[in-house]
Amino acid sequence: MITRIDHIGIACRDLDASIEFYRKTYGFEVAHSEVNEEQGVREAMLRVNGTDDGGASYLQLLEPVRDDSAIAKYLEKHGEGVHHIAFGTPDVVATTEAATSTGVRALYGTPRCGTSNSSINFLHPKDCHGVLTELVQAAAPSASEHH
Ligand code: CMX
Ligand code: CO
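For clarity, every value in this text was computed on a predicted model and none was experimentally measured. (Residues numbered from 1 in each chain as written. Chains lettered and ligands numbered in written order. Predicted model: local features only at pLDDT ≥ 70, side-chain atom pairs only at ≥ 80, totals over all residues. Heavy atoms only, no water.)

A four-donor tetrahedral metal ideally has 109.5 degree angles, and a six-donor octahedral metal ideally has angles of 90 or 180 degrees. Distances from the cobalt ion (ligand 2) to its protein donors, H7 (NE2), Q60 (OE1), H84 (NE2) and E134 (OE), fall at 2.0 to 2.1 Å. Motif for the cobalt ion (ligand 2), donor spacing along one chain: H-x52-Q-x23-H-x49-E. Of this pair, H7 sits in strand β1 (residues 4-11) while Q60 is found in strand β4 (residues 56-64), placing the two residues 53 residues apart along the sequence. Side by side, H7 and Q60 carry an identical accessibility label, which is buried. (Donors = N, O, S within 2.8 Å, 3.2 Å for Na, K, Ca; no water. Helix = DSSP H or I, 4+ residues; strand = E, 2+ residues; numbered from the N terminus. Buried < 20%, exposed > 50% of the residue type's maximum accessible area, 1.4 Å probe, protein only.)

Here the focus is the sheet that holds strand β8 (residues 133-137). Spatial ordering of the open sheet is given by β2-β3-β4-β1-β5-β8-β7-β6, a layout of eight strands whose pairing is mixed. Each having just a single partner strand, β2 (30-36) and β6 (112-113) make up the two edges of the open sheet. In terms of strand pairing, β1 meets strand β5 (residues 81-88) through seven bridges, oriented antiparallel. In the sheet register, G9 faces β5, and the bridge partner there is H84. Against the sheet, helix α1 (residues 15-26) makes contact with β1, β2, β3 (41-50) and β4, and its axis sits at roughly 150° relative to β4, the strand it touches most. Across the sheet, helix α2 (residues 70-78) is in contact with β1, β3, β4 and β5; its angle to β4 comes to roughly 75°. (Pairing = 2+ DSSP bridges. Contact = heavy atoms within 4.5 Å. Axes fitted to C-alpha atoms, helices over the stretch in contact; angles between N-to-C directions.)

The nonpolar side chains of a soluble globular protein tend to be buried, and buried together. Judged by nonpolar contacts, I10, C12, L15, Y22, F28, A44, L46, L59 and L61 together constitute the single largest core of nine residues. Those elements giving two or more residues to this core turn out to be α1, β3 and β4. (Core = buried A, V, L, I, M, F, W, Y, C linked by side-chain atoms within 4.5 Å.)

Once that is clear, we can look at the packing of aromatic side chains. Summed over all chains, the structure comprises five aromatic pairs. Ring centres of F21 and Y26 lie 6.0 Å apart, and the angle between their planes is 90°; this geometry places the pair in the edge-to-face category. Residue classification places F21 among the partly exposed positions, given a relative accessible area of 37%. Taken together, F21, Y22, Y26 and F28 form an aromatic cluster joined through their ring pairs. When the ring centre of Y108 is taken as reference, the NZ or CZ atom of R112 above it lies at 3.9 Å. (Phe/Tyr/Trp six-rings, centres within 6.5 Å; stacked < 30°, edge-to-face > 60°. Lys NZ or Arg CZ within 6 Å of the ring centre and 35° of its normal.)

Here the focus is the site of ligand 1. As a matter of local geometry, ligand 1 sits amid 18 residues, with Q39, K73, K77, H83 and K126 nearest to it. Interatomic distance of 3.1 Å between a side-chain N/O atom of Q60 and an oxygen atom of ligand 1. Within the side chain of K73, one N or O atom sits 2.7 Å away from an oxygen atom of ligand 1. Isolated, ligand 1 exposes 980 Å² of accessible area, and the fraction of that covered by the protein chains is 72%. When contributions to the shell around ligand 1 are tallied by element, the ones reaching two or more residues are α2 and β5. No other element matches α2, which puts six residues into the shell around ligand 1. (Near = heavy atom within 4 Å. Polar contact = N/O pair within 3.5 Å; in protein donor to acceptor, adjacent residues only side chain to side chain. Areas by Shrake-Rupley, 256 points an atom, 1.4 Å probe, with all protein chains shown as cover.)

In this model, α1 (12 residues) spans 16 Å end to end at C-alpha, consistent with the 16 Å of a helix rising 1.5 Å per residue. Every buried residue belonging to α1 is among L15, S18 and Y22, and all of these are buried. Taken down its axis, α1 places every buried residue within 70° of arc, on the same side. Looking one or two places after α1, you find G27, whose phi comes out positive at around 80°. (Expected span 1.5 Å × (residues − 1). Arc of directions from axis to C-beta.)

Encoded structure:
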């Protein structure tokens, strides 16, 4: 079950310059930032709105920290821009299975760690009409202390 848009992921060459663009153009502030070594990114989450299910919607600004990362490869081929959309779900495993049962490929066999200890998986853009699609389940409140 998908309950909201969690975030739009945007590939940036210079995270600080993009943060400044969104601050001065729209007044968005950084709600959270971190480095995710596994994903090879330095990222900032800009909160756009809250939602009824307790989650919120964000812009996720992503700057590569490694040349072999997904974001570095994307920037090289396409330049800056929208990289993926992320749907929020209370159960990432069940939502991934529901999608793969229709023939869409998931990138990971089991969920990996996303922003703020969330659990994430991705659906292949070639199976989603050109849209790299992330599924994200927020961390349980007790697990969010790890970061
Ligand atoms: N959106 C749409 N299409 C994309 C895409 C994207 N973000 N990234 C790649 N593609 C397309 C390419 O254009 C290419 O199409 P063509 O063959 O028609 O040219 C095809 O997919 C293969 O692309 P590639 O450049 O060879 O890239 P890879 O196959 O090596 O990697 C992907 C693509 C999706 C498997 C890889 O980006 C990935 O593993 N992504 C998941 C992890 C990730 O994106 N992490 C960063 C965000 C972390 C977070 O959100 O927290
Ligand atoms: Co994301």
